[in-house]
Amino acid sequence: MANNRAGGLRDRKLFFIVNPAAGNGRGEREWRRLLPLLRRENWDFSWAFTEEPGSAPRQIRAALDGGRDLIVAVGGDGTAHQTLNALLQENGLYKEGSALAVWPVGSGCDFARMLYKSKRRGDLLNLLQNGRIENIDIARCVYTSPGGPQETYYLNSADAGLGADTCRRLNERNRKLFPKLAYFSSAIRSLLAYKYVPAAVESDAEVFRGEFLLAAVCNGRYFGGGMMPAPTASLNDGLLNLLLVRKMSKLKVLRVLPRIYRGKHLEVAGVEYLKVKEVKISAEAAISLETDGETAGYSDVYMRVLPGALPLLLPDGFD
């Protein structure tokens, strides 16, 4: 791709889509502090606050149609997710030559956890000055909804079962707690109410049948405000990471949950972990689904990797 290195970014026309509510208002506060720094550096940019929930894709498409070609998602995982889905369409990029950058100011920011060591404003300026654009893998997900099959793309992770129930509960409450505490408390509540359903998880590598607490299909390493379900995940290996947690006692789950924050859960009996290209999850009754922290629908669901489908601005030195 042309203009991959930092010098070429000066030729880019930037558009910042800012979620002011991200991180309980941190999005707007950080943006107000960043704005004069961007103006001082004389970047060719425009920006907009998200107007309402779900408005980001429309605003981004309008910016792309108006000539912008580097879209910077300023918010959490949900903002990045919406931006990704605005940049892509069925046959590839909505606008040839466009690219995504992600700046984390939300509560969880699990995808950005792979990219950055901090959330300092100076690191964003360094990203724009010294970063490089490279194509990374993403995933396509087709899921069930009341209106019929729906499609979405995701950057980081999708999961069916306890993780999706936790995500729904988290999005309804606990927004003022620290991310790890909010996720953990929501996970405990979801665990106590969880009902197992016989299911089949079919991948190109192996087929699993039984009752599962969690079926996660990850492109990135983290979810849940810092949990590390896929410690060996890579953004450019052309593979997804399937994590299955089979039915186990609630007491055992409580012992396993803290280990996931350290990525030390893979040796636990009842946990399956493998690299795959595609996964289908079907069940005798509907199992809820989330993608990138957004509740999406329910099973049946099909996911597959799209190798190198997204141009992403990466920090200099990212491996």
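Preceding this paragraph is the structure being described.
Residues numbered from 1 in each chain as written. Predicted model: local features only at pLDDT ≥ 70, side-chain atom pairs only at ≥ 80, totals over all residues. Heavy atoms only, no water.

## With respect to the side chain of N156
By the element assignment, N156 lies in the loop between strand 8 (148–154) and strand 9 (157–161). The exposure class of N156 is buried, given its relative accessible area of 2%. When near neighbours in sequence (up to four residues on either side) are disregarded, N156 contacts D110, F111, C218, N219, G220, R221, Y222, F223 and D292. (Helix = DSSP H or I, 4+ residues; strand = E, 2+ residues; numbered from the N terminus. Buried < 20%, exposed > 50% of the residue type's maximum accessible area, 1.4 Å probe, protein only. Contact = heavy atoms within 4.5 Å.)

## Thoughts on the packing of helix 2 (residues 22–40) against helix 6 (residues 121–130)
Running from N to C, helix 2 and helix 6 point in directions that differ by 45 degrees, and their axes come no closer than 10 Å. The orientation of helix 2 with respect to helix 6, classified from their angle, is oblique. Judged by the sense of rotation from one axis to the other, the crossing of helix 2 with helix 6 is right-handed. Residue-level contacts link E30, R33, L34, L37 and L38 of helix 2 to R121, L124, L125 and L128 of helix 6. Tallied by class, residues from the contact of helix 2 with helix 6 come to six nonpolar, no polar and three charged. (Axes fitted to C-alpha atoms, helices over the stretch in contact; angles between N-to-C directions. Parallel < 35°, antiparallel > 145°, perpendicular 65-115°, else oblique. Left-handed = near helix turned anticlockwise from the far one by under 90°. Nonpolar A, V, L, I, M, F, W, Y, C, P; charged D, E, K, R; others polar.)

## A look at the packing of helix 3 (residues 56–65) against helix 4 (residues 77–87)
Two numbers describe how helix 3 lies on helix 4: the axes approach to 9 Å, and their chain directions differ by 45 degrees. Considered as vectors, helix 3 and helix 4 are oriented oblique to each other. Handedness of the helix 3/helix 4 crossing: right-handed. Here A56, P57, I60, R61 and L64 of helix 3 lie close against helix 4, whose contacting residues are Q82, T83, N85, A86 and L87. Here the residues of the contact of helix 3 with helix 4 are counted per class, giving six nonpolar, three polar and one charged.

## Considerations on the layout of surface pockets
Empty space within the second largest pocket amounts to approximately 260 Å³. When residues of the lining of the second largest pocket are assigned to their parent elements, the largest contribution, three residues, is made by helix 6. Class assignment for the residues of the lining of the second largest pocket results in six nonpolar, three polar and four charged. (1 Å grid on protein atoms, 1.4 Å probe; cavity = no way out; pocket = protein on both sides within 12 Å on 5 of 7 lines; lining within 4 Å. Points joined across faces, edges and corners; volume = space filled by probe spheres on them.)

## Regarding the nonpolar core
Ranked by internal contacts, the top residues of the largest apolar core, which has 60 residues, are F16, L38 and L155. Excluding its chain neighbours within four sequence positions, the residues that come into contact with L38 are F16, W31, W43, F45, L125 and L128. One finds C141, Y143, F208 and F212 within the second-largest nonpolar core, a separate group that totals 26 residues. (Core = buried A, V, L, I, M, F, W, Y, C linked by side-chain atoms within 4.5 Å.)

## A short note on helix 9 (residues 250–261)
Residues V253, V256, L257, I260 and Y261 constitute the buried set of helix 9. For helix 9, the arc enclosing every buried residue in end-on projection is 145 degrees, short of the 170-degree limit, so these residues lie on one face. Of the exposed residues in helix 9, those oriented more than 90 degrees away from the buried face are L251 and R255. Backbone geometry just after helix 9 places G263 at a positive phi near 70 degrees. (Arc of directions from axis to C-beta.)

## Digging into helix 4
Among the 11 residues that make up helix 4, nine are buried, leaving the element largely enclosed by the rest of the structure. Within the sequence span of helix 4, burial applies to D77, G78, T79, A80, H81, T83, L84, A86 and L87.

## A word on the packing of aromatic side chains
Considering all chains together, one arrives at six aromatic pairs under this definition. Residues W31 and W47 carry aromatic rings whose centres are separated by 5.3 Å and whose planes lie at 55 degrees to one another, so their mutual orientation is tilted. Pair noted here: W31 is in helix 2 and W47 is in strand 2 (residues 45–49), with a separation of 16 residues, a long-range link. Overall, W47 belongs to the partly exposed group, its relative accessible area being 28%. Ring geometry for Y194 and Y196: centres 5.1 Å apart, planes at 85 degrees, overall edge-to-face. (Phe/Tyr/Trp six-rings, centres within 6.5 Å; stacked < 30°, edge-to-face > 60°.)

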